[in-house]
Amino acid sequence: VSNGNVYVSGSIGCDEEYNVIGGIQQQTKAALDNMKALLKGAGSGLECILKVTVYLANMPRDFDVFNQMYAEYFAGQALPARTCIGVANLPKGAFVEVECIAELAPSDDE
């Protein structure tokens, strides 16, 4: 957290023991759930995200599936700015990695 912003570094689709799980659907869910938990722990949330960066190891195969699941996480709200980058490899052979910048959630005093 710095100057009212939360910086969440790359999160791959892994379990609590850092084992990559399943295919693109399971990894996308795990990566977004991990990011959501980190934001909550820092006093923020998905609704506070300003910018998301997504890395996909197989853009042609995985972009549409990722996009559909991503939209479900932000249902009912405007999607934050996003960049999606195709890469050759990700850590541990993951298919997806997600990072974001968010604002701290407004306090009840505001």
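The sections below set out a description of the structure shown in this document. (Residues numbered from 1 in each chain as written. Predicted model: local features only at pLDDT ≥ 70, side-chain atom pairs only at ≥ 80, totals over all residues. Heavy atoms only, no water.)

**Concerning helix H1 (residues 24-41)**
If you check H1, its first and last C-alpha atoms are 25 Å apart, about what 18 residues at 1.5 Å a residue would give, namely 26 Å. Turning to H1, its buried residues are Ile24, Gln27, Thr28, Ala30, Ala31, Leu32, Met35 and Leu39. In this fold, the buried residues of H1 make contact with strand S1 (5-12), strand S2 (49-56), helix H2 (59-73) and strand S4 (96-103). Immediately beyond the C-terminal end of H1, within one or two residues, lies Gly43, with a positive phi of roughly 90°. (Helix = DSSP H or I, 4+ residues; strand = E, 2+ residues; numbered from the N terminus. Expected span 1.5 Å × (residues − 1). Buried < 20%, exposed > 50% of the residue type's maximum accessible area, 1.4 Å probe, protein only. Contact = heavy atoms within 4.5 Å.)

**Some words on the pattern of salt bridges**
Taken as a whole and judged by the stated rule, the model has two salt bridges. Between Asp33 and Lys29 there is a salt bridge; the shortest N-O distance is 2.7 Å. Of this pair, Asp33 and Lys29 both sit in helix H1, four residues apart, which is roughly one turn of the helix. Among the residues examined, Lys29 registers a relative accessible area of 43% and is labelled partly exposed. Note that Asp62 and Arg61 form a salt bridge whose closest N and O atoms lie 2.6 Å from each other. Residue classification places Arg61 among the partly exposed residues on the basis of a relative accessible area of 43%. (Salt bridge = Lys/Arg side-chain N within 4 Å of Asp/Glu carboxyl O.)

**Describing the packing of aromatic side chains**
In this structure the tally under the stated criterion is two aromatic pairs. Grouping aromatic residues by their ring pairs yields a cluster made of Phe66, Tyr70 and Phe74. Sitting over the face of the ring of Phe95, Arg61 holds its NZ or CZ atom 4.5 Å from the ring centroid. Of note, Arg82 hangs over the ring of Tyr70, and the distance from its end group to the ring centre comes to 4.6 Å. (Phe/Tyr/Trp six-rings, centres within 6.5 Å; stacked < 30°, edge-to-face > 60°. Lys NZ or Arg CZ within 6 Å of the ring centre and 35° of its normal.)

**Quick word on the sheet that holds S2**
Strand pairs in the sheet, formed through backbone hydrogen bonds, run parallel or antiparallel to each other. Strand order in this open sheet of four strands is S1-S4-S2-S3, and the pairing throughout is mixed. With partners counted over all chains shown, the strands left at the sheet margins are S1 and strand S3 (81-86), one partner each. Going from strand to strand, the sheet's axes swing by 10° on average, the running direction of each strand aside. Bridge analysis of S1 against S4 gives six bridges, and the strand direction is antiparallel. Residue pairing in the sheet places Val8 in a bridge with Cys100 of S4. Packing of H1 onto the sheet brings it into contact with S1, S2 and S4, and relative to S4 it is tilted by some 25°. Taken strand by strand, H2 contacts S2, S3 and S4, and its axis lies near 155° from that of S3. (Pairing = 2+ DSSP bridges. Axes fitted to C-alpha atoms, helices over the stretch in contact; angles between N-to-C directions.)

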